[in-house]
Number of protein chains: 2
Amino acid sequence: MASGKELCEGVEWRIRVVDGSSEVLVPPTGLARKVWLRTKGLISGLGMKVRMFLKQAWDMGANDPRKVIHCIKVGLALTIVSLVYFMRPLYDGVGGNAMWAIMTVVVVFEPTVGATLYKCLNRVCATCLAGFLAVGVHWIASQSGDRFEPFVVGASIFILASIATFSRFIPSVKSMFDYGAMIFILTFSIVAISGYRVDKLFDLAHQRISTIIIGTSLCILVIMLVCPIWSGQELHSLTVRNMDKLSDSLDGCVRQYFTNSNGEDDQKLQGYKCVLSSKASEESMANFARWEPSHGRFNFRHPWKQYLKIGASMRSCAYCIEALNSCINSENQAAESIKKHLSTSCLKVSSSSSSAIKELAESVKKMNKSPTIDLLVEEMNSALEELHNDLKSLSHLLNPSTTAENQISATGLVPFMEIIPMVTLASILIEISVRTEALVGSVEELVKESEMKDKIVAKEEKPEGTMKALQRV
Amino acid sequence: MASGKELCEGVEWRIRVVDGSSEVLVPPTGLARKVWLRTKGLISGLGMKVRMFLKQAWDMGANDPRKVIHCIKVGLALTIVSLVYFMRPLYDGVGGNAMWAIMTVVVVFEPTVGATLYKCLNRVCATCLAGFLAVGVHWIASQSGDRFEPFVVGASIFILASIATFSRFIPSVKSMFDYGAMIFILTFSIVAISGYRVDKLFDLAHQRISTIIIGTSLCILVIMLVCPIWSGQELHSLTVRNMDKLSDSLDGCVRQYFTNSNGEDDQKLQGYKCVLSSKASEESMANFARWEPSHGRFNFRHPWKQYLKIGASMRSCAYCIEALNSCINSENQAAESIKKHLSTSCLKVSSSSSSAIKELAESVKKMNKSPTIDLLVEEMNSALEELHNDLKSLSHLLNPSTTAENQISATGLVPFMEIIPMVTLASILIEISVRTEALVGSVEELVKESEMKDKIVAKEEKPEGTMKALQRV
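Residues numbered from 1 in each chain as written. Chains lettered and ligands numbered in written order. Predicted model: local features only at pLDDT ≥ 70, side-chain atom pairs only at ≥ 80, totals over all residues. Heavy atoms only, no water.

The name given to chain A in an unreviewed UniProt entry is Aluminum-activated malate transporter 10-like, with the source organism recorded as Gossypium harknessii. Looking at the Subcellular location (unreviewed entry) heading of the UniProt record, one finds this comment for chain A: "Membrane". According to UniProt, the comment filed for chain A under the heading Sequence similarities (unreviewed entry) is "Belongs to the aromatic acid exporter (TC 2.A.85) family." (UniProt positions renumbered as here; feature names shortened; annotations may be inferred.)

And the structure:
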């Protein structure tokens, strides 16, 4: 027994930890030791988690340095606004309410210019409107005598807060003034109630509005001058990127299927999934882009909504690619001879659709009608024609009565079930090319609308128009 | 000419306005009249818009009275918090900072319990943490002498604000503490900067925290006691509703195609589109549901994440229904004889898949494993088998060499191209049933996990467990 125990103690139990090192597992001998081991385990587990978390954060920062820049911008804006407190003259000007400037900066500062402008404008307008209304209500309340004053103020708060909250549910209000409605309720309540105590009501309202204007102006300056990120530009790039992804995964999937190669990058093949899941971000970006002034190649009234239509067209293509993928990965596989028979025309259809989409991406990128897109669509259509003919001749592989001239079928008939996956794949490909044509239509509409807006702007603002024309030369 | 003019003036030009009435169009005679007509037109146009807007708002309220209730709840909470100002003792207790209580109510009150709790807990924790840190930083700053104090405070604000802003980009932090990070920056900045001016720093921090606690407690009380809307319950109902829609549109599309009827409700057929677009709302609901205490049949740690998996499974079915729809509405239509040949088995597959999904909806609704689901899946599989056989026998319609026993083919061969749409439809239907089986799997997992959690809770909290058992009896 004793030697057995010795033997047991002689053996070391090692466990491999996630980070690659290995730890000795020691059999517990006493309570203190147990507690110690447990604590050690907990601490090392926690340390691991913290390390993982920090690594994740570091990777995120390294992948998108603009996020780091945004953080520095927030810090910068907040430090500048602190000057309002530090410097006497400013402090005396806006009173103890300089806090509102800080609050405004914290709440209003968003990563993109559009989102920040949306919040700034909403905040300023809602504060002014609510401030005036509250002063009016306060005046009415003060006329109604000391006893009824609280009731008048309370009732007005109840009614206006309820109505403003309700308006936030209405889609058209929500997309433009959601934040404004909240600020309206906030300012109205605070000013109306403060009116009951604070004598200098106008001062309060004036101070609040001026501090908010200080805060918002600072935010707008910092967000637009220090490495600005424009919602519109982001939406534009996202659309171009998604189109490229769509094109790559369409081409990649079909090519991989027919060449039986596994060399394709899996991330590339799954790219269409990004298209499927980017509806929400597209909508919010288009919403914010409306607030942005003319920037880069985009005018103030650039047709942002058209991007949503393009997004919907892309998604409808992506649904088909999803179906295509399921068809490719299904258990029932087509006979090799059939696959060979259709491979040339299927590859032609997919590669021509894919290059049409790629050309569209290029067209959106440069914001002009591509000179080759019509050619590419024609090519796609002739590839479709070819696929149609190949599909027709497929029947020769099944129906010996008309296969005299067909070489493949002479070697033997293929069971009907083995052509089904191929036929499905071909019809999904046909559907994809139909949807690609719809995508061509919506991109052309965007380019046309954008050129029209450009002309209107050029007419309205001659000098800028000339500048742009010069830039283009 | 004169009589012509008289004739012209005798004729009245009437225009029908959108609301059904008609207006006389009078030819303009003078500038004043023109301006008058234009103003009138503008006003009536504006009035129309306002009326449309009000009608839209009214419809929205009538369709979902809970939105109206939410608005009343916000008004109620705000009016109650005003009492803090109206009543002297409370006012003296929390000083001029009672405003914070109002602000908390306005900012924190969300339509669902989960969202409100998330914001409340984030706000309280972040305020406490930031308050303590700011007091600490203030102490260090005050030790460093009058000259360096602003720099220490400014640097600390810059660093902490940047870090906290960066943390908001990290997905795990964003989903749990996004609001908290913002409040942290806000409170830290205000308290740290106020420290430079206000002598009674501890008082400020204490007042702010106590007013915020007053505000949040009031919000939690009102949101949970007056007609509460639970995120978890909403997610649950959305999932059940979406499943029903999926089932209806699958069944409806295939039935409409084969019976050539247009009697199906179009809204019902398009139901799968709701499934496609509900990813974002599912995610936010699941996120908020985690914060909710045990309510209705849901325990605190109900497996909400599993709902997201079910949602993903439903969407993968919906993608196929989209492909199915495009196939049904495509230009190339199948030959009637082929359609007839496959109609029975296709209808069987679609209706069995559809009723399996409906049964799953029922199963999720009742949160127990359906006794009939295995049977339905079996039925679906036998329908699939039948469809397979029918597809196999399709070749008889094309290949006369083996069609001696087939009655339909005896009447004439069908061109190969005319069977393609039907074959595609059949393979998409097969894919849908495969995905339905995956959906069955994820629903079963949800039911299992939820039962497991129920058992754990029953063990942990004996009395409540017994109560629940009693309720179930």
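Right, picking up where we left off after that structure.
Undergrad: Got a sec to walk through the interface of chain A and chain B? Specific residues and values, please.
TA: Opposite the 77 residues of chain A that make contact, chain B presents 77 residues. Summed over both sides, the interface between chain A and chain B buries roughly 7000 Å², with carbon and sulfur atoms accounting for 79% of that surface. In this assembly, chain A and chain B are joined by two salt bridges. Among the ionic pairs, A:E322 bridges to B:R435, the shortest N-O distance being 3.0 Å. One can count six residue pairs in polar contact (both at pLDDT 80 or more) joining chain A with chain B. Examining the composition of the side of chain A that touches chain B, we find that 13 residues originate from one element, helix α3 (residues 65–86) of chain A, more than from any other. A per-class count over the side of chain A that touches chain B returns 49 nonpolar, 20 polar and eight charged. (Contact = heavy atoms within 4.5 Å. Buried area = accessible area lost by both parts, 1.4 Å probe. Salt bridge = Lys/Arg side-chain N within 4 Å of Asp/Glu carboxyl O. Polar contact = N/O pair within 3.5 Å; in protein donor to acceptor, adjacent residues only side chain to side chain. Helix = DSSP H or I, 4+ residues; strand = E, 2+ residues; numbered from the N terminus. Nonpolar A, V, L, I, M, F, W, Y, C, P; charged D, E, K, R; others polar.)

Undergrad: Describe the relation of the copies chain A and chain B, and please don't skip the residues or the numbers.
TA: Screw-axis analysis of chain A against chain B gives a translation of 0.0 Å along the axis, an RMSD of 0.1 Å, and a rotation angle of 180°. Expressed as an axis order, the relation between the two copies is that of a two-fold axis. Looking at chain A, 100% of its interface residues are interface residues in chain B too, so the copies touch through the same face. (Least-squares fit on C-alpha atoms with pLDDT ≥ 70 in both.)

Undergrad: Can you lay out the side chain of A:E292 for me, pointing to particular residues and giving the numbers?
TA: Residues and elements named next belong to chain A. Summarising the element assignment, E292 is placed in the loop between α13 (279–289) and α14 (304–328). One buried charged residue, E292, forms no salt bridge at all, with the nearest opposite charge on R66 at 10 Å. Among the polar contacts listed, one links the side chain of E292 to the backbone nitrogen of G114, at a separation of 2.7 Å. Leaving out residues up to four positions away in the same chain, E292 has contacts with V113, G114, L117, W230, S231, G232 and F300. (Buried < 20%, exposed > 50% of the residue type's maximum accessible area, 1.4 Å probe, protein only. Lys, Arg positive; Asp, Glu negative; His and termini not counted.)

Undergrad: If you had to explain the packing of helix α10 (residues 231–259) of chain B against helix α15 (residues 336–366) of chain B to someone new, which residues and values would you point to?
TA: Residues and elements named next belong to chain B. Direction vectors running N to C along α10 and α15 enclose 170°, while the axes themselves pass 9 Å from each other. With respect to their mutual orientation, α10 and α15 come out roughly antiparallel. Residues belonging to the contact of α10 with α15 are distributed by class as follows: 13 nonpolar, seven polar and seven charged. (Axes fitted to C-alpha atoms, helices over the stretch in contact; angles between N-to-C directions. Parallel < 35°, antiparallel > 145°, perpendicular 65-115°, else oblique.)

Undergrad: Report on the nonpolar core, specifying residues and quantitative values.
TA: With 138 residues, the main nonpolar core has A:M243, A:L425 and B:L425 as its most contacted residues. Ignoring any residue separated from it by four or fewer positions in sequence, one finds A:L425 in contact with A:Y257, A:F258, A:L324, A:C327, A:I328 and A:C346. By size, the runner-up hydrophobic cluster in this structure holds 98 residues, among which are A:A164, A:Y179, A:I183 and A:I185. (Core = buried A, V, L, I, M, F, W, Y, C linked by side-chain atoms within 4.5 Å.)

Undergrad: I'd like a description of a nonpolar patch on the surface, backed by residues and values.
TA: Residues and elements named next belong to chain A. A surface patch of nonpolar side chains, about 500 Å² in accessible area, is lined by L76, I80, L83, L221, L225 and V226. Looking at the nonpolar patch, the element that brings in the most residues is α3, giving three residues. The residue L83 is located in helix α3 in this model. A relative accessible area of 40% places L83 in the partly exposed class. (Patch = residues over 30% accessible without salt bridge, like charges linked within 9 Å, V, L, I, M, F, W, Y side chains within 5 Å. Areas by Shrake-Rupley, 256 points an atom, 1.4 Å probe, with all protein chains shown as cover.)

Undergrad: Give a description of unusual backbone geometry that names residues and reports values.
TA: Non-glycine residue A:C227 carries a positive phi angle of around 35°. Along the chain, A:C227 turns up in the loop between α9 (201–225) and α10 (231–259). The exposure class of A:C227 is partly exposed, given its relative accessible area of 45%. Although it is not a glycine, B:M367 sits at a positive phi angle of roughly 55°.

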